[in-house]
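# Examination of the molecular architecture
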Amino acid sequence: MRTPRRAATLLVICALGLATATGCSSSGGKSAEDPSGSDGGQGAKGVSTPRMKVAMVTHAGEGDTFWDIVRSGAKQAAAKDNVDFLYSADKEGKGQAQLVQAAIDQKVDGIVVTLAKPEAVADVVAKAVKAGIPVVTINSGAQFSGELGALGHIGQDEKVAGEAVGRELNERGRKKAVCVIHEQGNVSLEERCAGVKKTFKGTVENLNVEGTNMPASTSSVEAKLQADHGIDAIVTLGAPFAAASVKAKADAGSDAEIDTFDLNAEVVGRLKASEVGFAVDQQPYLQGYLAVDELWLNKINGNVIGGGKPVLTGPAIVTADDVPQLEKYTARGTR
């Protein structure tokens, strides 16, 4: 596992909480609403501080395991911190804003929110802060977090991650890449592709696909590969789309390498089988865990993790060489 030098130093904190776990891409494979309490914490010992309620509202769509991993981390922290954890999601910005408003109306003690479509949720996030509800942003929109009054942001620097991918493609001798964007308007996905273009010495073309329709996404990638046999790399921006692109590659009879952002058990299996060249791990478990833990620490001790600056959970480039270590973690849903 290689962490790009240009990424800021990864903070390794809350090690005790992570050590108690029995089990660390951009939408949720489970239900979009999950009023889970501490029972999702996998057996961690809880604290004796007063019960508090934290809502997490993301831009997740259906079928992506990334948010299952984020929620696994959040539930683990909730179990430790005596937190009633409420999860909801909507891939549309307007719907996400309504869910944040619902959290405000419930008078929660803290809100965790993604800023994939910041223009849609900015007003309601600022409203939560004005109402005295601490907010932590995760995963996307780090550059908007401070101006909205959030305590801080937890995730990876998407441009740095994209730049790391561009350099990795150079090392692999690739010349022509397609960057597959599965959610139009998502600022983080656009930043990833922009980062790839910045450092990749070859050519990069963005391909927008219908991310909530996997057969259609697969067909779009296949058609692109059939139309241009010079493409030697497909870069997907979420783990489920790596599998779709592997199928598209086979159906198109292409020799292009499939590489991806984000990690799950299936991607690790495909790394092992040499069907995926490399993956970019942003450690979603940490994003969920640290966000909930920060709200608890702020409540009981006035702490702000990272001094208000973004706390980076990635990127790290992982390859088949990392599979032996990763398999046990992905199997339990923590990577």
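To keep things clear, this report deals only with the structure shown in the data block. What you see is a predicted model, and the numbers here were worked out from it, not measured in a lab.

### Topic: helix H10 (residues 265–272)
Of the residues making up H10, those classed as buried are Val267, Val268, Arg270 and Leu271. For H10, the buried positions fall inside an angular range of 165 degrees around the axis, keeping them on one side. On its buried face, H10 sits against helix H9 (239–252), strand E10 (257–261), strand E11 (279–281), strand E13 (316–318) and helix H12 (323–331). Of the residues trailing H10, Ser274 is marked for its positive phi of about 65 degrees.

### Details of the packing of helix H6 (residues 158–171) against helix H7 (residues 187–199)
The interhelical angle for the contact between H6 and H7, taken along N-to-C directions, is 40 degrees, at an axis separation of 6 Å. With respect to their mutual orientation, H6 and H7 come out oblique. Between H6 and H7 lies a crossing of right-handed hand. The segment H6 lies against H7, with Glu158, Lys159, Gly162, Glu163, Val165, Gly166, Arg167, Leu169 and Asn170 engaging Ser188, Glu191, Arg192, Gly195, Val196, Lys198 and Thr199. Looking at the contact of H6 with H7, its residues break down into three nonpolar, six polar and seven charged.

### Digging into the pairing of strand E4 (residues 110–114)
For E4, a buried count of five out of five residues is recorded, marking the element as mostly surrounded by other parts of the structure. Residues Gly110, Val112 and Thr114 of E4 are buried on one face, and the alternating residues Ile111 and Val113, pointing to the opposite face, are buried as well. Here E4 pairs with strand E5 (residues 135–138) via four bridges, running parallel. Residue pairing across strands places Val113 opposite Thr137, the latter belonging to E5. Each parallel crossover has a hand, and the one from E4 via helix H4 (residues 118–130) to E5 is right-handed.

Conventions we followed
- Throughout, a residue's number is its position along its own chain's written sequence, starting from 1.
- Two thresholds apply to this predicted model, a pLDDT of at least 70 for residue-level local features and 80 or more for giving and counting side-chain atom pairs, whereas whole-chain, interface and lining totals are computed over all residues.
- Heavy atoms throughout the structure, all of them, feed into the side-chain values; hydrogens and water do not.
- To sort residues, take the accessible area from a 1.4 Å probe on protein chains only and compare it with the maximum for the residue type: under 20% means buried, over 50% means exposed, and anything in between is partly exposed.
- Numbering of helices and strands runs from the N terminus; a helix is a DSSP stretch of H or I covering at least four residues, while a strand is a stretch of E covering at least two.
- The directions from the helix axis to the C-beta atoms are what the arc is built from.
- We call two residues in contact when some of their heavy atoms are within 4.5 Å.
- For helices, the axis comes from a line fit to the C-alpha atoms of the stretch in contact; other axes are also lines fit to C-alpha atoms, and the angle between any two N-to-C directions lies between 0 and 180 degrees.
- When describing relative orientation, an angle under 35 degrees is termed roughly parallel and one over 145 degrees roughly antiparallel, while 65 to 115 degrees is termed roughly perpendicular and anything else oblique.
- Helix crossings are classified by the rotation of the near helix relative to the far one: an anticlockwise turn of less than a right angle makes the crossing left-handed, while a clockwise turn makes it right-handed.
- Polarity classes work like this: nonpolar for Ala, Val, Leu, Ile, Met, Phe, Trp, Tyr, Cys and Pro, charged for Asp, Glu, Lys and Arg, and polar for all others, with Gly in that last group.
- DSSP bridges decide pairing: two strands pair if at least two such bridges lie between them.
- Crossovers are marked right-handed if the path from the first strand over the helix to the second runs clockwise, as seen with the strands pointing away from the viewer.

That's the geometry; what it means functionally is another story.
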